Amino acid sequence: MSKYLVWVGGSTPDDETAKLVFEITGGHPATLRLVQELIWGRGVGPAGRQVKTDDSEPDLNRLTTHHEERAAELVESLVKRLDEPVLLDAVRAAAVPRRFDEPLLRALLKKGRQRDTVEQPWSSGELFVWLRDLPFMEPASGKMRRVHEYVRESILIRLQVTDPDGLEELHGRAASFYASALTKHKVRTATDTLEYGDFFLMEKREWQDKKREWLYHAARLTGDEHRHGVVLEAARLFLDAFWWWGNYVHFDFCDQLLADLELLVSRREATEPDASGHRDGEDVPDWPQMESLYRGLSELVAEYPLRSQKTPHADWPAVRAALVRIQMACKLDTLPARPTERQRHISALLCIFMAHTWRYQAHAGEGGTDDRRLAEQMYRLADERLGPFRGLKEDRWDRAWVVFELADMLWTWAFRDEPPAREVLARIDELWGRAARIAQPVTVPGGTVEQSPGVDPTAPPSGETDWSEVEHELSSNLHRLRGDIHRALGRLTEAAQSYGRAVLHAYLFHIIGGPPDEYTLQFHVDAKAWAISFVRDLWVDEKEALAVECSLEMKKASGPAGLVEQVPTEAHLRQLLTDASAEPPIPVPLANALFVPGPVVRDLGVEGSAYATTVGMAFSVLDPRVSMDLHSPA
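Now for a quick tour of the structure. Counting restarts for each chain, with residues numbered from 1 along the sequence as it is written. The predicted nature of this model means local features are confined to residues of pLDDT at least 70 and side-chain atom pairs, given and counted, to a pLDDT of 80 or more, with totals for whole chains, interfaces and linings taken over all residues. Side-chain calculation: all heavy atoms of the structure are included, whereas hydrogens and water are not.

## With respect to the overall build of the protein chain
- For the protein chain, the helix and strand inventory stands at 25 helices and 6 strands.
- Expressed as a percentage of its 634 residues, the buried residues of the protein chain come to 53%.
- Here the contacts in the protein chain between residues at least 6 apart in sequence split such that 72% fall between residues at least 24 apart.
- Note on areas: Shrake-Rupley with a 1.4 Å probe; residue coverage comes only from the protein chains shown. Total accessible area on the protein chain stands at roughly 29100 Å², and carbon and sulfur atoms take up 51% of it. The helix and strand labels rest on DSSP assignments: H or I over at least four residues marks a helix, E over at least two residues marks a strand, and numbering proceeds from the N terminus. Throughout this description, buried means an accessible area under 20% of the type-specific maximum (1.4 Å probe, protein chains only), exposed means over 50%, and partly exposed covers the range between. Throughout, a residue-residue contact means that at least one pair of heavy atoms, one from each residue, lies within 4.5 Å.

## Side note on the packing of aromatic side chains
- In summary, the pairing rule links any two rings of Phe, Tyr or Trp, Trp by its six-membered ring, whose centres are within 6.5 Å, and it sorts them by plane angle into stacked for under 30 degrees, edge-to-face for over 60 and tilted for everything else. The final tally for this structure, using the stated rule, is 19 aromatic pairs.
- Each ring, one from Trp-207 and one from Phe-253, has its centre 6.2 Å from the other, and the planes form 65°; the classification is edge-to-face. Here Trp-207 is found in helix H10 (residues 205-218), whereas its partner Phe-253 is found in helix H12 (residues 252-264), with 46 residues between them in sequence. Note on accessibility: Trp-207 and Phe-253 belong to one class, buried.
- Ring plane angle 65° and centroid distance 6.3 Å describe the contact between Trp-243 and Trp-244, whose orientation is recorded as edge-to-face.
- According to the relative accessible area criterion, Trp-243 is buried, its value standing at 8%.

## Considering helix H14 (residues 316-329)
- End to end, H14 covers 20 Å across 14 residues, agreeing with the expected 20 Å (1.5 Å per residue, within 8%).
- Downstream of H14 by a residue or two, Lys-331 has a phi angle that is positive, lying close to 55°. In a helix, the anticipated span is given by 1.5 Å times the number of residues less one.

## What about the side chain of Ser-347?
- Its place among the elements puts Ser-347 in helix H15 (residues 341-363).
- For Ser-347, the residues in contact, after removing those within four places along its chain, are Leu-332, Leu-335 and Arg-385.

## A closer look at empty space enclosed by the protein
- The way it works is a 1 Å grid over only the protein atoms, where trapped points that fit a 1.4 Å probe form a cavity and open points with protein on both sides within 12 Å along at least five of seven lines form a pocket, and then any residue with an atom within 4 Å of a point lines it. Grid points are joined across faces, edges and corners, and a volume is the space filled by probe spheres set on the points. For the structure shown, the criterion picks out 2 cavities of 30 Å³ or more.
- Approximately 60 Å³ is the volume found for the largest cavity.
- Forming the boundary of the largest cavity are Ala-72, Val-75, Glu-76, Leu-88, Val-91, Arg-92, Ile-155, Arg-158, Leu-159 and Thr-162.
- For the lining of the largest cavity, the secondary-structure elements that each account for two or more residues are helix H4 (70-80), helix H5 (85-95) and helix H8 (149-162).
- With 4 residues, H8 is the single largest residue contributor to the lining of the largest cavity.
- Of the residues contributing to the lining of the largest cavity, the split by class is 6 nonpolar, 1 polar and 3 charged. Any residue that is not Ala, Val, Leu, Ile, Met, Phe, Trp, Tyr, Cys, Pro, Asp, Glu, Lys or Arg is counted as polar, Gly included; the first ten are nonpolar and the last four charged.

## Some thoughts on helix H21 (residues 518-540)
- Relative to the 33 Å expected for 23 residues at 1.5 Å per residue, H21 spans 32 Å between its end C-alpha atoms, a close match to the ideal helical length.
- Where H21 begins, the capping side chain belongs to Asp-517, and its oxygen is found 3.0 Å from the backbone nitrogen of Tyr-519.
- Two residues or fewer past H21, Glu-542 is found with a positive phi of approximately 65°. Polar contact is defined as a pair of N or O atoms within 3.5 Å, subject to the rule that within protein one atom must be able to donate a hydrogen and the other to accept it, and that residues adjacent in sequence are counted only when both atoms are side-chain atoms.

## Regarding unusual backbone geometry
- Following Glu-583, the chain continues into Pro-584 via a peptide bond in cis, with omega recorded as -5°.
- Relative to the elements of secondary structure, Pro-584 occurs in the loop between helix H23 (570-580) and helix H24 (588-594).
- Phi is positive for Glu-542, close to 65°, though the residue is something other than glycine.
- Among the structural elements, Glu-542 can be located in the loop between H21 and helix H22 (544-558).

## Considerations on the packing of H4 against H5
- At a minimum axis distance of 9 Å, the contact between H4 and H5 shows a crossing angle of 150°. If you check the angle between H4 and H5, you find them roughly antiparallel. In the packing of H4 onto H5, the handedness of the crossing is right-handed. Across the interface between the two elements, Val-75, Glu-76, Val-79 and Lys-80 from H4 touch Leu-87, Leu-88, Val-91 and Arg-92 from H5.
- Of the residues that constitute the contact of H4 with H5, the class distribution is 5 nonpolar, no polar and 3 charged. In this analysis an axis means a line fitted to C-alpha atoms, helices contributing only their contacting stretch, and an angle means the value between N-to-C directions, from 0 to 180 degrees. Roughly parallel covers angles under 35 degrees, roughly antiparallel covers those over 145, roughly perpendicular covers 65 to 115, and oblique covers all other angles. Two helices cross in a left-handed way if the nearer one is turned anticlockwise from the farther one by less than a right angle. They cross in a right-handed way if the turn is clockwise.

## Quick look at the environment of Glu-149
- With respect to the helices and strands, the residue Glu-149 is situated in helix H8.
- Residues Glu-149 and Ala-95, spaced 54 residues apart in sequence, show a C-alpha to C-alpha distance of 8.9 Å.

Below, the structure written as structure tokens:
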């Protein structure tokens, strides 16, 4: 300890001082730096200006015995020597957010009710620079800074004891700051008309950070109604992220939200002083509703299997139990007669995931007809709640996926037990068409396909094709389902064409909403694997000529001109089909011969990569009718 103080201070402290410093700091580097600055530091204010200082020797014996508040008291002693109240206000304000920059600091230090006429001696920019150079500050991302966590926790504990109202006011200002920042992004509201690309906002790191910080600060405000609203917003945020990404591939944002929610379950408080006056900090359970939500979401992530093909052997009853816990935490076990848009949306998502539990459990054959009935019932309920519901607008993109999933489920079961009834096929066709009209709302002579179902969808679109309106992920899935139906009905050439188009739209999906990522990569792989399994099954069934013919049909349908490799010779294709059907199978060479290759790891998440540019070029050589190919007879 003495050697360290000599090193930073330049003079040897006496033994008593060294012992006292150790008792106060416990040898913690952050508090040692504070003591060093307190004893030997200079009184320099923002912009390098000298300020009035208290030149008396610091009396370390006067510091509190409350261990968790010592770092805060050292900071106060250090800053109070400068005899400028705004400097201490700035330090306390900087400790409230997890990280801060100059605009946030400015919002935190805006004039309060009792200081409306007080002239601030320094600008927020000057204060930020001054704070940045203090010994307990650390760099954060970009230009942001943060108070060292040990010191920050101490300051927050002290504020909670000495000025709880002021602390809540600072959290309120921070929440308002981030709420305002989020309005710069397009966000979902009850009156917005969203395009599919808007949902990719959740992948943007800037938006994620702002939303997480808003949640962090909003959750610190009091009032039962407000806190219930925070629970609902947290549930909606997580379930949207899990619905669009996290149930298919691992999504870091879901993990980050869970970590944030875990912090909200309890709050750090100072304990009551003991007989000697000693006071520590402890985590006090504070929010049963948030704790229930956190546990339900954690269990959902732990039990829910990833990828598009869900295993029937997952613990689906455990997933159901997690969904019920989430529902109860949101107080949505009974939906209000006049629900808010947020309540309606959360309830619909819970119905979707509940449908999954019955649907995939039914695949295991454990519950039979009852499971199928319950799955369909949950999908129908979700469809109803996502439609124009009790005065709320239709949530068309989520609804499109619900009706597709219901059609896919009904088709999966249609041929399992017996030939499907005509009314079942009609129901599947109706659901498929509803989803297709949302996935490809392309303008044609006379209006949109949805508005003018009688127009010829094989005719070229009028005007310029707006590719941003085409939902390639859903289009790919709808083509795959149509391929399955053709295949089951013996229309193998049409099946091959549909599978090829499914691969094409999966390829185009790579640059929708941003550059290729883990999600689009896996989706493209899945689409190719499904198509390859079709021709491989034909080959194994000794329908070799058909396997070759269908492979060539898939290749023709799956790629833009100029991007697909040359057509393999029949001899080469037969060898590739043989290899893909071997034990163990070697399907990749066949996939590479038939389809445009996917991205490699170095392309993922990179704006303007060579691969993303190549996909972008594909749109310039595509036949515009691809934008509405779901509406063609094939």
